[in-house]
Amino acid sequence: MPAAPAFPRRYDLDWLRIIAFGLLILYHSGMFYVTWDWHVKSVHAGPDAEGMMLLLNPWRLSLLFFISGVALRFAADKLGGGRLARERTVRLGLPILFGMAVIVAPQSWLQLVESGEFSGSFWAFWPQYIDFGSDFSITTPTWNHLWYVVYLLVYTLLIAPFAGRIARFMQGAGARATRMLFSGRWGVAAILVLPVLPHMLFRLTLDPHFPTTHDLTHDWANHAHSLTMLLLGFVLAKDPHFWAAIRRALPAAILSAILLGTGLSILWAHWEALSVSGDWNGIIWPARIARLTYAWVAIVTLLALAQRFLNRPSRALTYLTEAIFPWYILHQTLTIMLGFWLTRQNLPAGGEAVLVIGGTFAGCALLHELVIRRVACLRPLFGLKPAGASRLPRKVNAAGTV
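Cut-off values and rules
- Residues numbered from 1 in each chain as written.
- Predicted model: local features only at pLDDT ≥ 70, side-chain atom pairs only at ≥ 80, totals over all residues.
- Heavy atoms only, no water.
- Helix = DSSP H or I, 4+ residues; strand = E, 2+ residues; numbered from the N terminus.
- Rg over C-alpha atoms; globule rule 2.2 N^0.38 Å.
- Buried < 20%, exposed > 50% of the residue type's maximum accessible area, 1.4 Å probe, protein only.
- Contact = heavy atoms within 4.5 Å.
- Areas by Shrake-Rupley, 256 points an atom, 1.4 Å probe, with all protein chains shown as cover.
- Expected span 1.5 Å × (residues − 1).
- Arc of directions from axis to C-beta.
- Salt bridge = Lys/Arg side-chain N within 4 Å of Asp/Glu carboxyl O.
- Core = buried A, V, L, I, M, F, W, Y, C linked by side-chain atoms within 4.5 Å.

Engineer: Tell me about the overall build of the protein chain, and name the residues and values.
Structural biologist: The helix and strand tally for the protein chain stands at 18 helices and 0 strands. Computed over the C-alpha atoms, the radius of gyration of the protein chain is 22 Å, within 12% of the 21 Å expected from 2.2 N^0.38 for a compact globule of 402 residues. Over its C-alpha atoms, taken along the principal directions, the protein chain stretches across nearly 65 × 60 × 40 Å. Going through the 402 residues of the protein chain one by one, you find that 50% of them count as buried. Taking as baseline every contact in the protein chain between residues at least 6 positions apart, the subset at least 24 positions apart corresponds to 78%. In the form shown here, the protein chain has an accessible surface area of approximately 18600 Å², with 66% of it arising from carbon and sulfur atoms.

Below is the structure:
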């Protein structure tokens with residue numbers, strides 16, 4: 001049997017989940033400053049940060065869906081499909097409902113204030129926000145950044161009835177298949193190429209017809225990509241051949257990520273010039289395939305590095321594993337509220353950005369530490385277990401709580 005991290009201790013994936021959510025918070029803070037459309041914008045918005053954000057964008061959420069799939073597999077093996085579905089319906093459903101009704105509401109309010117569509121206070125806006133018959137130009141109530149939690153709940157309910165069958169398959173024929181694919185001399189090539197192929201198919205067939213909407217019912221291309229990543233994590237969560245190949249692939253993955261990321265960055269920097277020239281038609285599809293490949297090799301790189309350097313417990317990990325999901329629920333509202341006010345204070349761009357980003361992280365940390373984790377009735381509204389079950393056991397059974 002190939003060497004692989006011992007199960008069920010997957011501290012490396014807990015760390016990666018925390019890192020991925022942290023990067024997501026930074027990314028959404030960056031959305032306040034780039035030229036792309038967002039809820040509110042800084043007076044200093046410009047293209048300076050777009051290069052780094054373009055490098056993050058292809059893989060940041062795919063990594064989260066993959067880790068969520070691994071966590072679901074551990075939870076399903078422990079709880080069974082039926083209990084998993086019931087537990088996650090409550091665990092994720094309450095934050096979705098509370099988030100839509102309360103946490104996300106200020107985002108919609110300030111977006112409409114900035115666009116000039118609404119001029120009253122939040123307290124005047126909120127009754128109209130929760131009225132499904134409102135005539136605003138945006139959907140209200142809405143879930144905005146909480147779409148990830150909504151999709152995760154739906155995918156969990158879809159997978160739960162088949163969880164036992166998948167686990168049994170991966171103990172028999174599935175394990176033999178992964179051994180053949182990932183353990184031989186071509187194992188590294190297989191781990192770098194095969195998971196990309198379905199996404200290439202989706203890019204050719206679904207993406208041109210179904211732009212990303214995050215509205216659940218018309219988001220078929222996004223569903224195909226996201227659910228595939230979650231299923232990949234669920235199916236291969238405990239497969240030693242897969243994880244051994246991930247570790248062996250580290251040098252090739254790092255090199256591929258650097259080369260593809262550099263090439264794509266150069267291409268993106270000249271995208272407008274290429275789009276008006278005859279060269280654009282010949283390069284568009286190779287660029288799209290390269291972007292998909294870059295996303296997966298970046299994920300492989302992070303998984304392999306985490307196996308090597310982060311697969312160990314710590315007090316910080318125990319604390320942040322609980323804290324990071326409330327941080328995720330809170331962060332975009334804090335960014336929008338801080339940004340909306342600070343950008344009207346005539347601050348220099350650098351100072352404003354430091355206050356927006358630092359204030360977002362500080363606000364998340366303080367609200368979690370001083371309020372959410374200490375008030376029993378708030379814990380389930382932010383996806384936390386009751387206080388007595390909040391500490392991670394010494395041997396964790398899943399990669400994170402979501």
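Next comes the rest of the description.
Engineer: I'd like to hear about helix α14 (residues 250-269), residue by residue, with values.
Structural biologist: Between its first and last C-alpha, α14 extends 28 Å over 20 residues, near the 28 Å set by a 1.5 Å rise per residue. All of the buried residues along α14 are L250, A253, A257, G261, L264, L267 and W268. Take α14 and look down its axis: the buried residues cluster within an arc of 130°, on one side only. Across from the buried face of α14, at angles greater than 90 degrees, the exposed residues are P251, L255, L259, I266 and A269.

Engineer: I'd like a description of the pattern of salt bridges, backed by residues and values.
Structural biologist: Going through the model one piece at a time under the given rule, you end up with 10 salt bridges. When the shortest N-O distance is used, the salt bridge between K238 and D77 registers 2.9 Å. Here K238, found in the loop between α12 (220-236) and α13 (240-248), pairs with D77, found in helix α3 (residues 60-79); they are 161 residues apart in sequence, far enough to count as distant. Since its relative accessible area comes to 36%, D77 is described here as partly exposed. As a salt-bridge pair, R344 and E114 come within 3.5 Å of each other at their nearest N and O atoms.

Engineer: Provide a residue-level description of the nonpolar core, including the pertinent values.
Structural biologist: In terms of nonpolar packing, the biggest core is built from 113 residues, with F66, Y148, L303 and Y328 touching the most fellow members. When neighbours within four sequence positions are excluded, Y328 is seen to be in contact with F21, L24, H145, L146, Y148 and V149.

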